Amino acid sequence: MTLDFPFDERPLQRVRPMKAAFITEPGPADSIQIAEQPDPTPGPGQVLIRVYASAINPIDTYIRSGAIAMDLPQPFVPGCDAAGVVENVGPGVKRFTIGDRVWCTNQGLLGRQGTLAELIAVEEGWVFKLPEPVPYEDAAACALVGVTAHLGLFREAQLSPGESILVIGGSGGVGSMVVQMAAAKGARVITTAGSEAKAQVCRDLGAEEVILYNEESIAEKTKAFASDGVNVFWETRREPDFDVAVDLLAGRGRMVLMAGRDARPAFPVGPFYVKECSLHGFVMFKATPMEMKTAAEDISNWLASGKLSANISARFTLEEAAQAHALQESATLEDSSQLAGKIIVNLNT
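What counts and what doesn't
Residues numbered from 1 in each chain as written. Predicted model: local features only at pLDDT ≥ 70, side-chain atom pairs only at ≥ 80, totals over all residues. Heavy atoms only, no water. Helix = DSSP H or I, 4+ residues; strand = E, 2+ residues; numbered from the N terminus. Buried < 20%, exposed > 50% of the residue type's maximum accessible area, 1.4 Å probe, protein only. Pairing = 2+ DSSP bridges. Axes fitted to C-alpha atoms, helices over the stretch in contact; angles between N-to-C directions. 1 Å grid on protein atoms, 1.4 Å probe; cavity = no way out; pocket = protein on both sides within 12 Å on 5 of 7 lines; lining within 4 Å. Points joined across faces, edges and corners; volume = space filled by probe spheres on them. Nonpolar A, V, L, I, M, F, W, Y, C, P; charged D, E, K, R; others polar. Contact = heavy atoms within 4.5 Å. Polar contact = N/O pair within 3.5 Å; in protein donor to acceptor, adjacent residues only side chain to side chain. Right-handed = clockwise from strand over helix to strand, strands pointing away.

Draft legend 1. Unusual backbone geometry, seen in detail. Here the residue pair Q74 and P75 is connected by a cis peptide bond, since its omega of -10 degrees sits within 30 degrees of zero. Within the secondary structure layout, P75 lies in the loop between α1 (58-65) and β4 (81-89). Positive phi values are uncommon outside glycine, yet Q158 reaches one of about 50 degrees. Summarising the element assignment, Q158 is placed in the loop between α3 (143-156) and β8 (164-167).

Draft legend 2. Structural context of the pairing of strand β1 (residues 18-22). For β1, the tally of buried residues reaches 4 of 5 residues, placing the bulk of the element in the interior. Bridge count between β1 and strand β2 (residues 33-37): 5 bridges; the pairing is antiparallel. Bridged to M18 within β2 is Q37.

Draft legend 3. Representation of the sheet that holds strand β11 (residues 230-235). On the basis of which strands lie adjacent, the open sheet formed by 6 strands has the order β10-β9-β8-β11-β12-β13 and parallel pairing. Strands at the two margins of the open sheet, each flanked by one partner only, are β10 (209-212) and β13 (278-281). Each strand axis lies, on average, 15 degrees off the axis of its neighbour in the sheet, ignoring direction. Of the strand pairs in this sheet, β8 and β11 are connected by 3 bridges, and their pairing is parallel.

Draft legend 4. Expanded view of the layout of surface pockets. The calculated volume of the second largest pocket comes to roughly 300 Å³. At the level of elements, β1 and β6 (119-123) are the ones that each hand at least two residues to the lining of the second largest pocket. Of all the elements, β6 adds the most residues to the lining of the second largest pocket, at 5 residues. For the lining of the second largest pocket, the residue count by class is 11 nonpolar, 6 polar and 2 charged.

Draft legend 5. Just the environment of E291, in detail. Among the structural elements, E291 can be located in helix α9 (residues 289-305). Expressed as a C-alpha distance, the spacing of E291 and V147, which sit 144 residues apart in the sequence, is 9.2 Å. Setting aside its immediate chain neighbours within four residues, E291 contacts L151 and R155.

Draft legend 6. A look at the side chain of T192. Among the secondary structure elements, T192 is positioned in strand β9 (residues 188-193). Since its relative accessible area comes to 2%, T192 is described here as buried. At 2.8 Å, the side chain of T192 forms a polar contact with the backbone nitrogen of G169.

Draft legend 7. Local environment of the pairing of strand β12 (residues 249-257). The element β12 is largely enclosed, with a buried count of 7 among its 9 residues. Bridge count for β11 against β12 is 5 bridges, and the pairing is parallel. Pairing of E235 across the sheet is with L257, part of β12. A crossover links β11 with its parallel partner β12, the connecting element being helix α7 (residues 242-248), and its sense is right-handed. For β12 and β13, the ladder comprises 4 bridges, and the chain directions are parallel. Its bridge partner being in β13, V256 is matched across the sheet by H280.

As structure tokens, then:
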């Protein structure tokens, strides 16, 4: 069997300690340091991964800055997502062997070290097989956002073939995954975009209709698309307008929330319960390993078959990790237009 090792690298041939991006206390992006660190040793049930690609997510910047307070190991390596090759396995690992191509997510959270390091030790339950044709960058780019989309669509909203779904922000990190997965499921997808270029991206991802929200009414276009209302309303904005959402939902429609930690909008109780709607709030990092495994198997298969594609906007080296964090922060906190997809950090190059 031929293994896909970039630059002819092979496991277990290390001549120096690994490099990692880390912080010693919460702070701005430029508080990230790059230096050699001791190689991690996989403990019982852990997989040691040589990382070739990691992705930057908004939550990585929130934890690094201290906006979300968590107990952090010292020093702390940020990052949720990674893809690479199994370098070694700890006692009791059954699903993986040295040389396996893998990806993982849900790291850098709840006391776990993150993925912006050349080597990472990850609990076996958070690690998933990566099919041979899929590039490491694509797997890392689709990890957290893909699992988030899958959980929201299928565990929460239970989207079925033939149903309609309105996705707010279909070219964003999670939104682009939702559009593709819903289309792969056989749903009718309508989404929103801020420009014609982003609208074309959404069409290419499988959206049947795209609303240019700076020029067109979301409500009017959605009602023209689904006269009886949409079955699922996927909300990505921090301040949901529940009056509009409930009005656009069909009877027994489901609304999925994945943002707005501090939001306190008004809620139209009467119309909501009379239409027998349901509201689903969830966070990906509270999913069980088995729930994530279910999502990961679909994601890997869809990536390998071409039904799911990564939306990568920018690439950085490990030494540029602070710049990658700064770019992500400008997009999420300042609503910058510089970013239209995922940020990837390449390692072990």
